[in-house]
Amino acid sequence: MSPAQTELLNTALEAFERASKDRRDPFHMPMLANTDERGQPLLRTIVIREFDASTRRLVFHSDARAPKIAQFQRDPRAALTAYDHPRQLQVRLLGRITVHISDEQSARRWASMQPMSKIGYHEPRDSGIPLNEPFANAVGLLDDACAFAHMAVLEFSFDSIEVLRLQHQGHARLRVHFAETAQAQWLTP
Ligand SMILES: Cc1cc2nc3c(=O)[nH]c(=O)nc-3n(C[C@H](O)[C@H](O)[C@H](O)COP(=O)(O)O)c2cc1C
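Here, residues in each chain are numbered from 1, in the same order as that chain's written sequence. Per-residue local features are limited, in this predicted model, to residues with pLDDT of at least 70; the limit for side-chain atom pairs, both in listing and counting, is 80 or more; totals at the level of whole chains, interfaces and linings are taken over all residues.

Engineer: I'd love a proper account of the overall build of the protein, names of residues and values included.
Structural biologist: Tallying secondary structure elements over the protein gives five helices and nine strands in all. Labels follow the DSSP assignment, with helices taken as runs of H or I lasting at least four residues and strands as runs of E lasting at least two, numbered in each case from the N terminus. Ordered by position from N to C terminus, the α and β elements of the protein give α-β-β-β-β-α-β-β-α-α-α-β-β-β. Dimensions of the protein, computed from the C-alpha atoms along their principal axes, are close to 55 × 35 × 35 Å. Here a residue counts as buried when 20 or more other C-beta atoms fall within 10 Å of its C-beta, as exposed when 12 or fewer do, and as partly exposed in between; the C-beta atoms come from the backbone. Counting every position in the protein, which comprises 189 residues, the buried fraction comes to 21%.

See below:
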């Protein structure tokens, strides 16, 4: 990789690392896509809980009862994109999702969560069921073990990254594929 390629790649990786610790960062809530069993593309906003550039791993949480969990277990392929307007930087990741439910990793994350962040997991009904009225939080709380069983930790391991930095002199677009070694390629925007 050339110094300019390394600089742009590091800019993208550092942006995710910073965003994982800062709720106000534009990269904190990227969009994650997959396809369902019929090939229908699905896209949703998620919150980055952890990002590790050295292992190319991004962690987020979800309701274990959501249909996307079964979709990831059947086909782990996923795509993620984030855009930082002030920095004029778009990053796209391709990778695979590993689902953790009621295991050591999810227990560790559950123990470090604030009570407020656990409220959704106390909802007794499945995610995405039809309602006659808009949703209101469940009144009572389930016991902690029951709520914990509703929480999924999703680990997105990416092997491809594409960075687009918008700039007046010409947009810089770099794709890096991580195999045995990192293969970097500049692309026309
Ligand atoms: C700001 C914001 C952050 C969100 N963070 C998450 C998240 O971290 N995990 C998650 O599963 N859903 C999150 N959601 C909700 C999803 O975008 C989506 O509406 C929900 O997960 C249902 O999507 P599904 O049908 O793909 O399961 C968030 C929504 C918003 C608006």
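Engineer: I'd love a proper account of the site of the ligand, names of residues and values included.
Structural biologist: Around the ligand, the structure places 13 residues, and the nearest of them are Arg44, Ile46, Val47, Ser62 and Ala66. Note on residue categories: nonpolar means Ala, Val, Leu, Ile, Met, Phe, Trp, Tyr, Cys or Pro, charged means Asp, Glu, Lys or Arg, and polar means any other residue, Gly included. Residue classes in the shell around the ligand are distributed as seven nonpolar, four polar and two charged. For each residue, a C-beta position is placed from the backbone atoms; the residue is near a molecule or strand when that point lies within 6 Å of it.

Engineer: An account of the environment of His150 is requested, with residue identities and associated values reported.
Structural biologist: Relative to the helices and strands, His150 resides in the loop between helix H5 (144-148) and strand E7 (151-165). What makes His150 buried here is the crowd of 22 C-beta atoms within 10 Å. Separated by 80 residues in sequence, His150 and Ala70 have C-alpha atoms that sit 13 Å apart. Residues contacting His150, with those up to four places away along its chain left out, are Asp63, Ala64, Arg65 and Tyr121. What counts as a contact is two residues whose backbone-derived C-beta atoms lie within 7 Å of each other.

Engineer: Describe the nonpolar core, listing the residues and the values that go with them.
Structural biologist: For this entry, the nonpolar core is defined as buried Ala, Val, Leu, Ile, Met, Phe, Trp, Tyr and Cys residues connected by C-beta atoms within 7 Å. Ranked by size, the top nonpolar core spans 31 residues in total, and within it Ala15, Phe16, Val91, Leu154 and Val163 carry the most contacts. When residues of this core are traced back to their parent elements, those giving at least two are helix H1 (3-19), strand E4 (57-63), strand E5 (77-84), strand E6 (89-101), E7 and strand E8 (172-178). Considering each element in turn, this core owes the most residues, eight residues, to E7. Not counting chain neighbours up to four residues away, the residues in contact with Leu154 comprise Val59, Phe60, Ser62, Phe72, Ile97 and Val99.

Engineer: I'd like to hear about the pairing of strand E1 (residues 31-35), residue by residue, with values.
Structural biologist: Each pair of strands is called paired provided DSSP finds at least two bridges between the two strands. Two elements, E1 and strand E2 (residues 41-45), share five bridges in a ladder whose sense is antiparallel. Bridge pairing links Asn34 to Leu42 in E2. Inspection of the sheet shows E1 paired to E5 by three bridges, in the antiparallel sense. When the sheet's bridge partners are listed, Ala33 is paired in E5 with Ala79.

Engineer: Outline the environment of Ile69, supporting the account with residue identities and numerical values.
Structural biologist: Its location among the elements puts Ile69 in helix H2 (residues 67-74). Placed 60 residues apart in sequence, Ile69 and Leu9 show a C-alpha to C-alpha distance of 30 Å. Leaving out residues up to four positions away in the same chain, Ile69 has contacts with Ser62, Ala64, Val99 and Ala152.

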